[in-house]
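Residue-level structural notes
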Amino acid sequence: MGNVIIGIHQPNFFPWFGYFLKIAKVNKFIFLDDAQTQKKGGSYLNRTKININGNSKWLTVPIKRKSGQQKINLTQYLNTPWRKNIINTLQMNYGSSPYYKENKEFIFDLIHYQSDSISKYNTNLIQKICKTLKISTSLYSSSTLSINNTSTERLIEIIKSVDGNIYLSGSGGDNYQDSKLFEKNGIQLTYNSFNHPKYTQIKTDHFISGLSILDILFNIGIKSTTILIANYIK
């Protein structure tokens, strides 16, 4: 068997460019959709950052909260007019961007997707954006893999279940992972390095890093974003 590189991450809401680049770098990517959600406050599961008048600001979708622990794939967005509100916010802040008109129908279709499940909703938009950006990585959801281990053991079992032998970890992985366990199980542990590409953004005189994929799509378009990703993974 040759090298099979695996990436694992929660299914975030309109993630940043780096999230999609990580998917493009691996052979198989697993949405960690049966992890626990935060008990309170926002997370990247239900919010993303956009450029509002030259500042990085949160674009947030309200979620239903229950008492006790709650898994991502059992969590839902609230039934409020949040889709309309998000579209209005994007129109207000990106309506004058070079590729807004070209991409708004594609983006708005993603926003209008009719599911209140955080897992299904976020996974759908990520899958559709990957296809549009010509990212051919195989995508899976951890909730379909029937793995009950926790912590590092869980990551290892997920990797093994999809026949992986290299794990591309986030840069902060050492804070919660046991690197020796990966070695013991014959899995090479590597870390994702990334320098955010700079591109022209509207309504700001300085580059704002870490914004939603929406920002780069509206500012430089699908074709240029696809080329950026291809150049990074050569």
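Now for a description of the structure that goes with this document. (Residues numbered from 1 in each chain as written. Predicted model: local features only at pLDDT ≥ 70, side-chain atom pairs only at ≥ 80, totals over all residues. Heavy atoms only, no water.)

1. Let's talk about the pairing of strand 2 (residues 28-31)
Spelled out, the test is: A 1.4 Å probe rolled over the protein chains alone gives each residue an accessible area, and that area as a share of the maximum for its type sets the label: buried under 20%, exposed over 50%, partly exposed in between. Helix and strand assignments come from DSSP, with helices taken as H or I runs of at least 4 residues and strands as E runs of at least 2, each series counted from the N terminus. At least two DSSP bridges between two strands are required for those strands to pair. Looking down the strands as they point away from the viewer, one classifies a crossover as right-handed if the path from the first strand across the helix to the second runs clockwise.
The alternating pattern of strand 2 places Lys28 and Ile30 on one face and Phe29 and Phe31 on the opposite face, and all of these are buried. In terms of strand pairing, strand 1 (residues 5-9) meets strand 2 through four bridges, oriented parallel. Across the sheet, residue Ile6 finds its bridge partner in strand 2, namely Lys28. Of the crossover connections in this fold, the one passing from strand 1 over helix 1 (residues 17-25) to the parallel strand 2 is right-handed. Summarising the sheet, strand 2 and strand 5 (residues 138-141) pair through four bridges and their orientation is parallel. Bridging across to strand 5, Phe29 finds its partner in Leu139.

2. Side note on the packing of helix 1 against helix 4 (residues 118-132)
Using the following cut-off: Only C-alpha atoms enter the line fits that serve as axes; for helices the fit covers just the stretch in contact. Angles between N-to-C directions range over 0 to 180 degrees. By definition in this entry, angles of less than 35 degrees are roughly parallel, angles greater than 145 are roughly antiparallel, angles of 65 to 115 are roughly perpendicular, and the rest are oblique. Crossing handedness is defined as follows: a turn of the near helix away from the far one that is anticlockwise and smaller than a right angle gives a left-handed crossing, while the clockwise case is right-handed. The contact definition used throughout considers only heavy atoms, calling two residues in contact when any of these lie within 4.5 Å. Here the term charged refers only to Asp, Glu, Lys and Arg, the term nonpolar to Ala, Val, Leu, Ile, Met, Phe, Trp, Tyr, Cys and Pro, and the term polar to all other amino acids, Gly among them.
Where helix 1 contacts helix 4, the two axes come as close as 11 Å, and the packing angle between them is 70°. Comparing the axis directions of helix 1 and helix 4 gives the class roughly perpendicular. When you trace helix 1 past helix 4, the crossing you get is right-handed. In this structure, helix 1 uses Tyr19, Phe20 and Ile23 to contact helix 4, whose residues at the interface are Ile126, Ile129 and Cys130. A class-by-class count of the residues in the contact of helix 1 with helix 4 yields six nonpolar, no polar and no charged.

3. Details of unusual backbone geometry
Its identity as a non-glycine residue notwithstanding, Lys134 has a phi of 60°, on the positive side. Position of Lys134 among the secondary structure elements: in the loop between helix 4 and strand 5.

4. Quick notes on the packing of aromatic side chains
We apply this condition: In this scheme Phe, Tyr and Trp rings, the latter by its six-membered ring, pair at centre separations within 6.5 Å, and the angle between planes marks the pair as stacked below 30 degrees, edge-to-face above 60, and tilted otherwise.
Under the counting rule described, the total for this entry stands at 20 aromatic pairs. Arranged with centres 5.1 Å apart and planes meeting at 85°, the rings of Trp16 and Phe194 form a pair that is edge-to-face. One end of the pair, Trp16, is in the loop between strand 1 and helix 1; the other, Phe194, is in the loop between strand 7 (188-191) and helix 7 (213-232), with 178 residues separating them in the sequence. Judged by relative accessible area, Trp16 falls into the partly exposed class, the value being 34%. Ring plane angle 80° and centroid distance 5.1 Å describe the contact between Tyr199 and Phe207, whose orientation is recorded as edge-to-face. The class of Tyr199 is buried, set by a relative accessible area of 11%.

5. So, helix 3 (residues 100-111)
So the rule is basically this: The directions from the helix axis to the C-beta atoms are what the arc is built from.
All buried positions along helix 3 are accounted for by Tyr100, Asn103, Ile107, Phe108, Leu110 and Ile111. Each buried residue of helix 3 sits inside an arc of 145° when the element is viewed along its axis, so together they form one side. Those residues of helix 3 that are exposed and angled more than 90 degrees off the buried face are Lys101, Glu102, Glu105 and Asp109. Buried residues along helix 3 sit against helix 2 (82-94), helix 4 and helix 7.

6. As for helix 2
Filter applied, for reference: Expected helix span is computed as 1.5 Å times (number of residues minus one).
Here helix 2 is 13 residues long and its end C-alpha atoms lie 18 Å apart, about the 18 Å a rise of 1.5 Å per residue gives. Residues of helix 2 that are buried: Trp82, Arg83, Ile86, Ile87, Leu90, Asn93 and Tyr94. One face of helix 2 carries all of its buried residues, which in axial projection span an arc of 140°. Turned more than 90 degrees away from the buried face of helix 2 sit Lys84 and Met92, all of them exposed. Its buried side turned inward, helix 2 meets strand 3 (47-52), strand 4 (55-60), helix 3, helix 4 and helix 7.

7. Re the side chain of Ser212
What counts is decided by this rule: In protein, a polar contact requires one atom able to donate a hydrogen and another able to accept it; more generally it is a pair of N or O atoms within 3.5 Å, and residues adjacent in sequence count only if both atoms are side-chain atoms.
With respect to the helices and strands, Ser212 occurs in the loop between strand 7 and helix 7. A distance of 3.0 Å separates a polar atom in the side chain of Ser212 from the backbone oxygen of Phe14. For Ser212, the residues in contact, after removing those within four places along its chain, are Phe14, Pro15, Trp16, Thr48, Lys49 and Ile50.

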